[in-house]
Amino acid sequence: HYSIKYYLFLLKNRVLYNIDGQVYPCCYLVNTDYMKGDNQYIMKEYNKSREQLNIFNNDFESINNHPWWKILEDSWKDSSDVTLRQCIKWCKTKE
């Protein structure tokens, strides 16, 4: 059985601020989003809220409390079918 590690962004509010103001949990999501677009469910949900998840439009507390983070976290439970490929590849651990 495998699970996804809870990285520092969830534990200590550490996130990645992109130059355009977008806030992401890690660089693995930024690269896919910018290089070719991402059709995975979690990133589609992120893109629906791009304006709200941008530090130029919102303060950190509002971004940190945005429902998208819960969608991301929930996707890690029980190796969900919607778990991002990047999370599985880079953050999966064996239990």
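Just above sits the structure.
Because the structure is a prediction, the values reported are computed rather than measured.

1. Quick word on the environment of M43
Then comes step 1: Among the structural elements, M43 can be located in helix α3 (residues 41–48).
Then comes step 2: Taking the C-alpha atoms as reference points, M43 and W68, 25 residues apart in sequence, are found 9.5 Å from one another.

2. A few points about the packing of α3 against helix α5 (residues 67–75)
Then comes step 1: The contact between α3 and α5 brings their axes to 10 Å, and the two run at 175 degrees. What the angle tells us is that α3 and α5 run roughly antiparallel. Taken together, the residues of α5 that come into contact with α3 (itself represented by Y41, I42, M43, E45 and Y46) are W68, I71, L72 and S75.

3. Topic: α5
Then comes step 1: Every buried residue of α5 is listed here: W68, W69, L72 and S75. Down the axis, α5 shows its buried residues gathered within 125 degrees of arc, on one side only.

4. Points about the pattern of salt bridges
Then comes step 1: Taken as a whole, this structure holds two salt bridges when the rule is applied.
Then comes step 2: Measuring nitrogen to oxygen at the nearest pair gives 2.9 Å for the salt bridge that ties K48 to E45. Taken as a pair, K48 and E45 lie in helix α3 at a separation of three residues, close to a single helical turn.
Then comes step 3: The shortest N-O distance in the salt bridge between D74 and K70 comes to 2.8 Å. Of this pair, D74 and K70 both sit in helix α5, separated by four residues, roughly a single helical turn.
Then comes step 4: Since its relative accessible area comes to 45%, K70 is described here as partly exposed.

5. Let's talk about the nonpolar core
Then comes step 1: Membership of the largest hydrophobic core comes to 16 residues, with the highest contact counts inside it found for M43, W68, W69, L72 and L84.
Then comes step 2: If you list the elements that add at least two residues to this core, you get β3 (23–24), α2 (27–35), α3 and α5.

Definitions and limits used
- Residues numbered from 1 in each chain as written.
- Predicted model: local features only at pLDDT ≥ 70, side-chain atom pairs only at ≥ 80, totals over all residues.
- Heavy atoms only, no water.
- Helix = DSSP H or I, 4+ residues; strand = E, 2+ residues; numbered from the N terminus.
- Axes fitted to C-alpha atoms, helices over the stretch in contact; angles between N-to-C directions.
- Parallel < 35°, antiparallel > 145°, perpendicular 65-115°, else oblique.
- Contact = heavy atoms within 4.5 Å.
- Buried < 20%, exposed > 50% of the residue type's maximum accessible area, 1.4 Å probe, protein only.
- Arc of directions from axis to C-beta.
- Salt bridge = Lys/Arg side-chain N within 4 Å of Asp/Glu carboxyl O.
- Core = buried A, V, L, I, M, F, W, Y, C linked by side-chain atoms within 4.5 Å.

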